[in-house]
Amino acid sequence: MGIDTILKSGKYKLIDVREPIELDMDGSIGEAENIPLGSIEERKEELLSYDVPLIIFCRSGNRSGKALEYLTKAGLKEGYNGGGWQALKEQIQNINAD
C-alpha cells in the first residue's frame, strides 16, 4: 500500500522527527506529533503501540528515514517515510481538497 492510499484513508499517525526549534522556525503539520529523532529510542514502545500506520517526516526525509529504519527493526508493522514536511503538507492538503 502506498502513502497516498494511507493518506486518503485518514487512518494514520503523523510523527515529525525534527527538533522543536525547527517547528518554531519553519512550521509543521497541525495534526502531527513532534518526537525528535533523538527521542525515538526512548519512546519506541509508545510508537510501536499505535494501531494505525505511522507516517514519519522531517525537513528532507533523511532523519525520518533513520527513524523508520530503527522502528522497523524494532518491530513496527506499518510505517512510511513521509519525506519533507512541506511536500507532505501539500500532499495532505491536495488529498483533502479532492
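This text follows the structure it describes.
Residues numbered from 1 in each chain as written. Predicted model: local features only at pLDDT ≥ 70, side-chain atom pairs only at ≥ 80, totals over all residues. Heavy atoms only, no water.

**Student:** Please provide a residue-by-residue account of the overall build of the chain, values included.
**Tutor:** Counting its secondary structure elements, the chain contains five helices and four strands. Taken from N to C terminus, the helices and strands of the chain fall in the order α-β-α-β-α-β-α-β-α. In terms of overall dimensions, the chain has C-alpha extents of about 35 × 30 × 20 Å along its principal axes. Of the contacts made within the chain by residues no fewer than 6 positions apart, 64% connect residues no fewer than 24 positions apart. (Helix = DSSP H or I, 4+ residues; strand = E, 2+ residues; numbered from the N terminus. Contact = heavy atoms within 4.5 Å.)

**Student:** How would you sum up the pattern of salt bridges? Please name residues and give values.
**Tutor:** Taken as a whole and assessed by the stated rule, the structure comprises eight salt bridges. Each of Lys13, Glu33, Arg43 and Glu46 takes part in a single network of salt bridges with overlapping partners. (Salt bridge = Lys/Arg side-chain N within 4 Å of Asp/Glu carboxyl O.)

**Student:** Just give me the short version of the side chain of Glu22, but keep the residues and values in it.
**Tutor:** Structurally, Glu22 is set in helix α2 (residues 20-26). Here the side chain of Glu22 touches Arg63 through a polar contact of 2.8 Å, side chain to side chain. Not counting residues within four places of it along the chain, the set of residues in contact with Glu22 comprises Gly27, Arg59 and Arg63. (Polar contact = N/O pair within 3.5 Å; in protein donor to acceptor, adjacent residues only side chain to side chain.)

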